[in-house]
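Examining the three-dimensional arrangement
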Amino acid sequence: MKCNWTIALLIMLALGINATAYAQCRPTHLKCEYLTDPLGIDTQEPRLTWNLAGCTQGGRQVSYSIELGTDPVKLAKNDGIIWRSGKVASDDMLVALPAGKLSSFTHYYWRVTIIDNNGKTATSDVAGFETAMLNKSDWQGGWITDGIDVNEKPAGYFRKAFKAKGAIKSARAYIAAAGLYELQINGKKVGDHRLDPMFTCFDRRNLYVTHDITSMLTTGNNAIGVTLGNGWFNHVSTAVWFFDKAPWRARPKFCMDIRITYQDGTTEVISTDNSWRTSHGPITFNSIYTAEHYDARLEQAGWDTPIFIDTTWKNAIYTSAPSQHIVSQQMYPIRDVKELRPVSVKRLSPLCHVFDLGQNIAGVSEITVRGNAGAKLRLIHGERLKKDGHVDRSNIDYHYRPTNDQDPFQEDILILSGKKEDSFRAKFNYKGFQYVEVVASEPVNLSAQNLKAYFMHSDVPAVGNISSSSTLLNKIWQATNNSYLSNLFGYPTDCPQREKNGWTGDAHIAVETGLYNFDGKTVYEKWMADHRDEQQPNGVLPAIIPTAMWGYDWANGPDWTSTIAIIPWNLYLFYGDTRPLEQNYDNIKRYVDHITSVSPSGLTDWGLGDWIPIKSRSNKELTSSIYYFIDANILAQAAKALGKQADAQTYHALAMKIKDAINAKFYDQQKGIYCSGYQTELSAPLYWRLVPDTERAKVAKNLASRVEADGGLDVGLLGSKTILNALSENGYADLAYKLASNESYPSWGWWIKNGATTLYENWKIEGSSDISLNHIMFGEISAWYYKALGGMFPDPGSPGFKNVILKPNFVSGLERFSATHTGPYGDIISSWQRKGQKVSYEVTIPANSIATLSLKASVIKARSASDEVNLSKPVGGKYILQLQPGFHKFDIQL
């Protein structure tokens with residue numbers, strides 16, 4: 001009988017056997033397309049990944065073999081294999097299946113066998129994935145809608161009754177929608193996703209979602225129900241972004257195939273056609289931007305069940321597909337991730353109650369209440385309160401341009417049925433808020449039990465953790481996470497209330513924060529497809545993505561739309577996966593070539609500059625030209641990684657030309673400053689490696705002096721990315737930590753001191769504009785914790801943390817710090833405790849990785865003999881060590 005590893009380990013311990021002597025590497029965490037056992041795969045070459053567990057110190061994989069089949073039992077017996085890789089002498093843990101091996105609508109199972117460096121063989125458990133529409137011709141359903149005018153307000157409800165002819169083995173629903181949908185089977189909601197499908201440029205690409213509905217169907221009578229919401233497809237609200245004028249705008253529509261496999265092996269497909277029935281219901285208005293209105297008197301009980309009589313409903317009508325490119329939504333979905341109850345309720349009058357959730361979130365509220373038929377409740381959502389205790393929306397409705405009073409901002413409207421206790425939450429909207437003010441048309445009894453809220457976001461798994469002896473540091477890290485997640489709804493946004501826009505600049509500033517803390521790869525890969533959809537033939541990108549039309553003529557210089565290069569490059573660094581570079585390479589190239597065509601000198605003034613500065617306004621030509629350099633440099637490195645040697649040389653030369661032009665025009669060698677010597681003007685060239693090596697110490701010293709003279713931060717958005725990093729990477733980590741832990745204005749700590757649970761849009765905490773209280777754009781500080789204090793960096797020469805670069809700073813004023821990041825190979829842990837000038841430093845490196853550790857110290861003593869031998873002689877007080885996989889501990893004298 002074969003014991004699993006946990007049982008075997010317990011037996012060894014009980015017998016007094018040295019378990020590590022018998023431990024061996026085992027492949028685990030098997031994923032397909034970076035998801036666990038996913039449904040709906042429609043790529044011909046899906047990526048398979050795994051990592052190792054149970055390895056001894058220094059353990060690693062030296063070869064692998066993969067077997068693929070359609071029967072998990074046979075596969076476990078080494079039978080029924082339809083493809084095998086054969087033994088591959090490699091430590092790779094990322095393998096793409098070759099094209100042409102997969103068929104549509106097939107559940108595949110796979111496993112991997114590895115041999116470790118001790119010659120031991122181990123085979124993983126069986127994992128799976130299921131294909132969907134590998135070919136466009138696989139679709140059978142037609143696109144249908146309710147056929148009413150685009151400006152009509154009620155949401156469309158659709159139903160189809162059918163009979164399943166026998167015992168069901170499996171059933172899948174494949175549903176694509178232009179707009180949003182909620183799917184019901186026999187009176188129950190399918191799955192736990194929210195706001196599906198994700199926002200795209202609808203006339204260029206649409207997404208479909210695969211649901212396993214096997215357990216929801218029965219032999220005999222069944223009913224399917226679909227409710228359609230407007231989403232971004234039929235944007236009915238008016239704001240400065242012109243989504244109401246989108247070229248794709250129409251009534252929501254959908255296409256669905258329900259594919260049933262019976263126990264006897266036969267299949268049946270229930271598809272959308274004009275025999276489906278449609279009507280209206282209680283959702284009388286819905287807007288992704290503002291709110292949702294619900295009249296409980298209009299509920300049609302059982303409308304999504306087989307017994308419902310739909311004779312008053314009409315037939316759906318066929319409509320054209322929104323685009324010809326319909327692909328699977330392969331990403332972590334939006335979910336209700338956290339339920340919150342009010343921490344307090346204040347009764348301002350018999351008709352008005354204000355609920356405080358205790359933290360700022362993105363999501364929805366849900367109210368349950370009983371009252372008279374026709375009684376109207378207005379649920380007003382906001383981030384702050386007026387002095388009189390009412391909700392204040394003035395900080396978040398700044399860009400709203402209502403044409404009438406029928407669509408109030410962040411204000412749900414509920415009309416009670418009078419027949420029962422009514423419960424309502426928005427299905428096709430989300431908001432940013434901490435407070436909910438409930439205003440009733442007649443007195444109702446309300447308490448904290450009547451209302452709850454849901455923190456919603458793309459449910460990306462956490463892969464990072466920070467802990468320290470500083471309560472402020474911990475709170476800033478958590479607030480940053482809250483803002484990052486509040487702005488992740490299938491694409492990265494700026495804020496969850498005022499805009500919900502995919503601002504490019506905000507996203508590339510915060511990308512490292514996102515990737516250190518969360519497994520956001522699937523979301524970012526989807527967003528880069530949005531970039532490819534939105535890019536003009538000449539290479540120009542809009543400032544917000546996706547967009548209806550806005551942003552091609554303003555705000556979209558290289559300091560913002562460098563997302564096309566920075567995001568794929570960071571995905572490559574963090575995951576070691578070249579596919580994002582391959583998919584976006586031509587787009588990066590087209591973008592860089594466009595800038596070159598309009599900026600032959602190597603300098604460009606195209607951009608927004610250091611957005612929302614504190615005092616000093618940095619030179620915009622400098623910062624925009626720096627991002628032009630970043631793009632050209634990334635393009636050169638991407639070309640090298642992809643084996644495009646001629647391009648690598650061409651764009652490296654371009655990057656050097658830009659660098660030389662910047663230094664020639666903006667650097668004063670005598671003074672050791674760029675431009676006026678403001679914090680952004682010094683920190684950006686330092687961080688992005690434009691300062692000549694011989695001048696770095698001089699510029700860094702001037703930057704430190706400038707910070708001291710300014711008495712703290714004086715940067716905008718671009719400088720917030722570079723200021724802390726430029727200081728900590730150039731010998732001034734203590735000063736960087738002083739800025740990061742400051743509690744006076746302007747600082748992150750100033751926000752926390754004043755009650756923030758998220759990051760703000762402006763360093764000020766009061767104002768009439770640019771004052772959203774849930775923005776991610778100043779969120780680089782969280783990545784800085786990993787980089788400067790944990791010292792954790794990916795290596796461009798060995799990406800995916802194959803080689804972990806470690807350069808921790810044991811800053812004064814912090815007694816304890818620990819950073820954990822789960823990369824492609826497993827957990828990386830960098831942890832230290834400081835007492836005076838003595839530091840105890842601990843490192844864990846996962847199997848199949850190594851680390852290059854750089855420590856500044858006067859004396860270092862390693863706890864293991866191998867590390868002691870590996871200690872280099874210090875050069876300038878710096879030790880360099882090569883660490884093998886496993887645990888390492890050092891005692892350090894600073």
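Residues numbered from 1 in each chain as written. Predicted model: local features only at pLDDT ≥ 70, side-chain atom pairs only at ≥ 80, totals over all residues. Heavy atoms only, no water.

Remarks on the nonpolar core
One finds W748, Y785 and Y841 to be the most contacted residues of the largest nonpolar core, which totals 217 residues. When residues in this core are grouped by element, the largest group, twelve residues, is from helix 10 (residues 620-641). Grouped together as the second largest cluster of nonpolar side chains are 28 residues, L183, V209, I224 and W276 included. (Core = buried A, V, L, I, M, F, W, Y, C linked by side-chain atoms within 4.5 Å. Buried < 20%, exposed > 50% of the residue type's maximum accessible area, 1.4 Å probe, protein only. Helix = DSSP H or I, 4+ residues; strand = E, 2+ residues; numbered from the N terminus.)

Focus on the side chain of H775
With respect to the secondary-structure elements, H775 resides in the loop between helix 16 (748-753) and helix 17 (780-789). Judged by its relative accessible area of 2%, H775 falls in the buried class. Among all residues touching H775, those that are not within four sequence positions of it are S483, N487, D494, C495, R498, D506, L759, Y760 and E761. (Contact = heavy atoms within 4.5 Å.)

Things to note about the pattern of salt bridges
A pair can form between side chains of opposite charge whenever their charged atoms are brought close. For the structure on display, the rule yields 46 salt bridges. Through salt bridges with shared partners, a single ionic network connects E33, R47, K521, E525, D577 and R579. (Salt bridge = Lys/Arg side-chain N within 4 Å of Asp/Glu carboxyl O.)

Comments concerning the sheet that holds strand 39 (residues 816-823)
In spatial order, the strands read 34-39-40-41-45-43; together these six strands make up an open sheet with antiparallel pairing. Since the sheet does not close on itself, it has two edges, and those belong to strand 34 (464-468) and strand 43 (859-862), each with one partner. The mean angle between the axes of side-by-side strands here comes to 15 degrees, regardless of whether they run parallel or antiparallel. By the bridge criterion, eight bridges tie strand 41 (residues 838-845) to strand 45 (residues 886-893) in an arrangement that is antiparallel. Paired with V839 across the strands is I892, a residue of strand 45. (Pairing = 2+ DSSP bridges. Axes fitted to C-alpha atoms, helices over the stretch in contact; angles between N-to-C directions.)

Thoughts on the pairing of strand 40 (residues 826-835)
With eight bridges joining them, strand 39 and strand 40 adopt antiparallel strand pairing. When the sheet's bridge partners are listed, R816 is paired in strand 40 with Q833. The turn linking strand 39 back onto strand 40 is made up of two residues. Pairing of strand 40 with strand 41 involves seven bridges; the strand directions are antiparallel. Within strand 41, the position partnered with W832 by the bridge is Y841. Where strand 40 folds back on strand 41, the antiparallel hairpin that results is connected by two residues, among which G836 adopts a positive phi of roughly 65 degrees.

Focus on the confidence of the model for the chain
Per-residue confidence for the chain gives a mean pLDDT of 95; residues scoring 70 or more make up 97%. Note on residues 1-22: pLDDT is under 50 here. Beyond four places in sequence and across chains, it has 13 contacts. (pLDDT = per-residue confidence, 0-100.)

A word on the state of the cysteines
With the rule as written, the count across this model stands at one disulfide. At a sulfur-sulfur separation of 2.0 Å, the disulfide partner of C25 is C55. Since a negative S-S torsion denotes a left-handed disulfide, the C25-C55 link at about 135 degrees is right-handed. In this pair, C25 sits in the loop between helix 2 (19-22) and strand 1 (26-32) while C55 sits in the loop between strand 2 (47-53) and strand 3 (61-69), placing the two residues 30 residues apart along the sequence. C55 gets classed as partly exposed once you look at its relative accessible area, which sits at 23%. (Disulfide = S-S within 2.5 Å.)

Focus on the sheet that holds strand 13 (residues 188-189)
If you trace the six strands from one edge of the open sheet to the other, you get 13-12-15-10-18-21, paired in antiparallel fashion. Bordering the open sheet on either side are strand 13 and strand 21 (314-315), each of which pairs with just one other strand. Note that strand 10 (residues 156-164) and strand 18 (residues 277-280) share four bridges and pair antiparallel. Counterpart to G156 in the pairing with strand 18 is H280.

Concerning the environment of K721
Tracing the backbone shows K721 in helix 14 (residues 717-728). For K721 and D336, which are 385 residues apart along the polypeptide, the C-alpha to C-alpha distance reads 31 Å. Filtering out sequence-adjacent residues up to four positions away, K721 remains in contact with H508, I509, E512, Y687, W688 and E780. In terms of polar contacts, K721 uses its side chain to reach the side chain of E780, at 2.9 Å. (Polar contact = N/O pair within 3.5 Å; in protein donor to acceptor, adjacent residues only side chain to side chain.)

Overview of the packing of aromatic side chains
Applying the stated criterion across every chain yields a total of 46 aromatic pairs. Geometrically, the ring pair formed by Y687 and W688 is edge-to-face, given 4.7 Å between the ring centres and 75 degrees between the ring planes. Neither residue differs from the other here; Y687 and W688 are each classed as buried. Taken together, a centroid distance of 5.9 Å and an interplanar angle of 55 degrees make the contact between W784 and Y785 tilted. Counting every residue linked through ring pairs, the aromatic cluster contains F199, F202, W232, F233, F243, W248 and Y491. Against the face of F105 rests R259, its NZ or CZ located 4.1 Å from the ring centre. Above the plane of the ring of Y430 lies K500, whose end atom (NZ or CZ) is 4.8 Å from the centre. (Phe/Tyr/Trp six-rings, centres within 6.5 Å; stacked < 30°, edge-to-face > 60°. Lys NZ or Arg CZ within 6 Å of the ring centre and 35° of its normal.)

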